[in-house]
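Inside the fold
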Amino acid sequence: MKIYFIGIGGIGLSALARFLKNDGHDVSGSDMKSTPITKALKEEGIKVFCSQEASNISENLDLVIYSAAVTDENPELIESRLKQIRTLSRKEALPIILGDKKNYCVAGAHGKSTTTAILASILNSSALIGAISKDFNSNFRYINDLVAFEADESDASFLLSNPYCSIVTNAEPEHMEYYHYDYEKFFQAYEKFINLSKKNVLNGEDKYIKKLNIKNPNFLYPSKDIRNLCFLLKNAEPYTKFDLKDLGSFEVWGFGYHVVIDASLAILAALNELNIEVIRKNLLNYKGIKKRFDIVQKNDNLVVIDDYAHHPTEIEATIKSVEVYDNLTNINKRVVIWQPHKYSRTKDNLEGFKKCFRRCDELIILPIWTIPGEQKIDIDFEKEFDFYNPIFADRINSKNGAIEIIKNEKIIQTYTEGIILGVGAGDITYQLRGK
């Protein structure tokens, strides 16, 4: 088929485009502007328009797939419908993409990208992830019909992912605007997702998963099943060693109890396919994922870490990992740079955000990163976060050996020492990398 993607530069849609290209389809697409992802797609032989215009839509297209951010006013979507080309949202397209595959689908408010990437490394399988795995330097890999898939609960699209095995890290309510703040509807979606699959692996100590009505659950009980955690640095890279059930000792890239839980869920799921010694060996192939405790700059005095964390639970877990890193080095100062993500998420989780930075020495708050069309909500950050005496800045500038804090186009602070952690799901990742 000739398939066109509107919004092909997104982390999720680009993975689907790559997957379908390797499945033998003729793939092209567009995005609003050129990005590292669109450039990479072009290098891989996918035609990408870096503007969205009706003239990009040709008569011979069989299918147009569009991202959740695309509205009915999009000129390419309008033209596709006028030409009577079949149009599907990303969610609606999943049965076409995954319908005949053996899918290990990972869901959860937190940890699903990490768990999916670990699982793909263990299984040495095809992968569709909402992040870049450093194992294969992509959000996508095509090997065979065995797929590690990051399933999305935000729009209930995980219900269309045809799971053979459902893996759930946690079921903490998130994206409640999609579910119209109907918690019963939200948890019913998780129940259905898990019960759709022949196999499952679930975090049995997550208070939300405990409430679900699951047929034949396969629970991991972290407090009982995981033992003897040991944190270590290898060439300044973070690793955690741990024992799991009666399966022996394992070593995984990353710091923290949450990383070990993710790895343990992946290990237990992989037992459906591989013996334990192969799993133990393949786990070492996992090297982390970009924007998850991603060390983007380091010397003896300064370490700069980029992390996608944009929910209080995620931020607190990441800061705990920074604390471990701090304890294994001679660098003591911990500075967090926070770029809030979306007005709705910030408001819905405001009390959690006010508590999650307690382990940092200094807090810098950047302007909210929002999405087109989102309704602005007044939030008094100075009042709500007064406890931290934060620095409010417009942006940051990353230089070799330094992070500069910018306000009104003036440098108001420069850091050349300490562990600098940037958290958020917006463009802070590019600011931290100096791009």
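Residues numbered from 1 in each chain as written. Predicted model: local features only at pLDDT ≥ 70, side-chain atom pairs only at ≥ 80, totals over all residues. Heavy atoms only, no water.

**What to know about the overall build of the protein**
When helices and strands are counted, the protein shows 14 helices and 24 strands. The C-alpha radius of gyration of the protein comes to 22 Å, within 12% of the 22 Å expected for a compact globule of 435 residues. Principal-axis analysis of the C-alpha atoms gives the protein an extent of 60 × 55 × 45 Å. Buried positions account for 56% of the 435 residues belonging to the protein. (Helix = DSSP H or I, 4+ residues; strand = E, 2+ residues; numbered from the N terminus. Rg over C-alpha atoms; globule rule 2.2 N^0.38 Å. Buried < 20%, exposed > 50% of the residue type's maximum accessible area, 1.4 Å probe, protein only.)

**Some words on helix α9 (residues 276-283)**
Among the residues making up α9, those that are buried are Ile276, Ile279, Asn282 and Leu283. Axial view of α9: buried residues confined to an arc of 130°, hence all on one face. In this fold, the buried residues of α9 make contact with α5 (112-123), β15 (249-253) and α8 (257-270). Put simply, Asn275 is the residue that caps the front of α9, since its side-chain oxygen is 3.0 Å from the backbone nitrogen of Glu277. (Arc of directions from axis to C-beta. Contact = heavy atoms within 4.5 Å. Polar contact = N/O pair within 3.5 Å; in protein donor to acceptor, adjacent residues only side chain to side chain.)

**A few points about the sheet that holds β15**
Pairing within the open sheet is antiparallel, and its 3 strands lie in the order β13-β14-β15. Each end of this open sheet is capped by a strand with a single partner; those strands are β13 (226-234) and β15. Taken over all neighbouring pairs, the strand axes of this sheet differ in orientation by 25° on average, direction set aside. Of the pairings in the sheet, the one linking strand β14 (residues 237-244) to β15 comprises 5 bridges and is antiparallel in character. Residue pairing for β15: Phe242 is matched across the bridge by Phe250. (Pairing = 2+ DSSP bridges. Axes fitted to C-alpha atoms, helices over the stretch in contact; angles between N-to-C directions.)

**Overview of the state of the cysteines**
Disulfide: a covalent bond formed between the sulfur atoms of two cysteine residues. Inspection of every chain in the model, using the stated rule, returns 0 disulfides. Free of any disulfide, Cys105 has its nearest cysteine sulfur in Cys165, 8.6 Å distant. (Disulfide = S-S within 2.5 Å.)

**Focus on the side chain of Asp243**
Examined against the element boundaries, Asp243 turns out to sit in strand β14. No salt bridge is formed by the buried Asp243, whose closest oppositely charged neighbour, Arg227, lies at an N-O distance of 4.9 Å. At a separation of 2.6 Å, a polar atom in the side chain of Asp243 contacts the side chain of Asn228. Contact partners of Asp243, with chain neighbours within four places excluded, come to Asp225, Ile226, Arg227, Asn228, Gly248 and Ser249. (Lys, Arg positive; Asp, Glu negative; His and termini not counted. Salt bridge = Lys/Arg side-chain N within 4 Å of Asp/Glu carboxyl O.)

**What to know about the environment of Phe187**
Note on placement: Phe187 falls in helix α6 (residues 183-195). Beyond its immediate sequence surroundings of up to four residues, Phe187 is in contact with Ala171, Pro173, Tyr208 and Leu212.

**Notes on the packing of aromatic side chains**
Within the structure shown, the criterion is met by 24 aromatic pairs. With 6.4 Å between their ring centres and 90° between their planes, Phe19 and Phe140 make a pair best called edge-to-face. Placement of the pair is Phe19 in helix α1 (residues 11-22) and Phe140 in strand β8 (residues 138-141), with a sequence separation of 121 residues. When the ring of Phe293 is compared with that of Tyr325, the centres are 6.2 Å apart and the planes differ by 55°; the resulting orientation is tilted. Taken together, the residues Phe293 in the loop between α9 and β16 (294-298) and Tyr325 in helix α10 (residues 312-327) connect sequence positions 32 residues apart. Of the two residues examined, Phe293 and Tyr325, each falls in the buried class. (Phe/Tyr/Trp six-rings, centres within 6.5 Å; stacked < 30°, edge-to-face > 60°.)

**Examining the packing of α1 against helix α4 (residues 90-98)**
In the contact formed by α1 and α4, the axes pass within 12 Å of each other and the chain directions differ by 25°. As summarised for this structure, α1 and α4 are arranged roughly parallel, according to the angle between their axes. The chirality of how α1 crosses α4 is left-handed. Across the interface between the two elements, Leu13, Leu16, Phe19 and Leu20 of α1 pack against Arg90, Leu94 and Ile97 of α4. When the residues that make up the contact of α1 with α4 are grouped by side-chain class, the tally is 6 nonpolar, no polar and 1 charged. (Parallel < 35°, antiparallel > 145°, perpendicular 65-115°, else oblique. Left-handed = near helix turned anticlockwise from the far one by under 90°. Nonpolar A, V, L, I, M, F, W, Y, C, P; charged D, E, K, R; others polar.)

**A few points about the pairing of strand β17 (residues 302-307)**
The element β17 is extensively covered by neighbouring structure, given that 6 of its 6 residues are classed as buried. Of the two faces of β17, the one lined by Leu302, Val304 and Asp306 and the one lined by Val303, Ile305 and Asp307 are each fully buried. Looking at chain direction, β16 and β17 are connected through 4 bridges and run antiparallel. Counterpart to Asp294 in the pairing with β17 is Asp306.

**Points about the sheet that holds strand β6 (residues 102-107)**
An order of β8-β7-β9-β6-β10-β11-β12 is seen for the 7 strands of this open sheet, with the pairing classed as mixed. Each edge of the open sheet carries a strand with a single partner, namely β8 and β12 (219-220). The sheet contact formed by strand β10 (residues 163-168) and strand β11 (residues 199-203) spans 4 bridges and is parallel. Bridged to Cys165 within β11 is Lys199.

**Focus on the pairing of β15**
With 4 of 5 residues buried, β15 is to be regarded as a mostly interior element. Counted between consecutive antiparallel strands, the loop separating β14 from β15 contains 4 residues, among which Lys245 sits at a positive phi close to 45°.

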